[in-house]
Amino acid sequence: TGNFTYFRNHPSLNNNYVTFIGADSEGQEGVYTNLGGVFNVLADTNTAIPGGTGTFTRFGRIPSNNYVAFVGAGSGGQQGIYTNLGGILNVVADKNTPIPDGTGNFTGFFEVSSLNDGPVAFLGLGSQQQKGIYTNLNGTLTKVIDLSDSLDGKTISNVIFGREGLSGNQIAFHAIFTDGSQGIFLGDLVAAPGSLSPANIPEPSSALGMLAFGAFGAVAIRKRKHKKLFNSAS
């Protein structure tokens, strides 16, 4: 009811379609779009939380160049990554979702990036300082990289991911290492059946080599190339 009184975060643009978060002073808030030339609500504070209880109370983190994914929150600390594809609202991951290749369930979500046909990648948190980038690009929620992994023989202290970080089968991210150095990396996700042990492929000495991680589910991301684009010694 009534009119918008303010708008939050950045709007998203895709082929002349704009998605944004709008709200008013009475507590109404939602994710809106002009997809198909018609002004619609993707989800608002009257929308039931899929896989949760009650309705959404707040929204945030809409990917750039996209109109289907967002971070949503509800009462009792509920939070998750949701998509509205073809008018159907789905949960990608929430606080009831086990962390792939991690311990326990997710405890929080930050930036999300997505493709037009539904796949997403996001930055997720867990207990005991777990933090990583995860994706459902191949139909199964899998880990891309987290703080337990290493790059260039260095231990990762932090990973940073943005709302434009996913494009096709590639993911770009910022890694900070325990020695104070940091870099921008480009990851190529290659789907393959079966499993591959990290011990089977030696870690390369060059920045353009391949790092291997284990399999995560029936359809595994068997190999991930991490190309270092830029780095800093401090």
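Before any of the text, the structure's been laid out above.
A brief report on the enclosed structure follows. Being a predicted model, the structure only gives us computed values, none of them experimental.

## Let's talk about the side chain of T19
Thought 1: With respect to the secondary-structure elements, T19 resides in strand β2 (residues 17-23).
Thought 2: A polar contact of 3.4 Å, which involves the side chain of T19, links it to the side chain of T33.

## Looking at the pairing of β2
Thought 1: In terms of burial, β2 is a largely internal element, 5 of the 7 residues being buried.
Thought 2: Taken together, the 6 bridges between strand β1 (residues 6-14) and β2 define a ladder with antiparallel strand orientation. Bridging across to β2, S12 finds its partner in T19.
Thought 3: Bridge analysis of β2 against strand β3 (residues 29-33) gives 5 bridges, and the strand direction is antiparallel. The residue bridging G22 from the neighbouring strand is G30, located in β3.
Thought 4: Following β2, the chain reverses through 5 residues before pairing antiparallel with β3; G27 in that reversal takes a positive phi of roughly 100°.

## Brief notes about the packing of aromatic side chains
Thought 1: Scanning the entire structure with this criterion turns up 20 aromatic pairs.
Thought 2: Judged by centre distance (5.6 Å) and plane angle (65°), the rings of F106 and F122 are edge-to-face. Remark: F122 occurs in strand β10 (residues 120-126) and F106 occurs in strand β9 (residues 106-114); sequence separation between them is 16 residues. The exposure classification of F106 matches that of F122, with both residues buried.
Thought 3: Every member of this aromatic cluster is reached through a ring pair, and the members are F4, F7, F20, Y32 and F39.

## Section: the pairing of β9
Thought 1: Extensive coverage of β9 is indicated by the burial of 7 of its 9 residues.
Thought 2: Where β9 meets β10, 6 bridges bridge the pair, whose relative direction is antiparallel. Of the residues in β10, the one forming a bridge with G108 is L125.

Quick notes on the rules
Residues numbered from 1 in each chain as written. Predicted model: local features only at pLDDT ≥ 70, side-chain atom pairs only at ≥ 80, totals over all residues. Heavy atoms only, no water. Helix = DSSP H or I, 4+ residues; strand = E, 2+ residues; numbered from the N terminus. Polar contact = N/O pair within 3.5 Å; in protein donor to acceptor, adjacent residues only side chain to side chain. Buried < 20%, exposed > 50% of the residue type's maximum accessible area, 1.4 Å probe, protein only. Pairing = 2+ DSSP bridges. Phe/Tyr/Trp six-rings, centres within 6.5 Å; stacked < 30°, edge-to-face > 60°.

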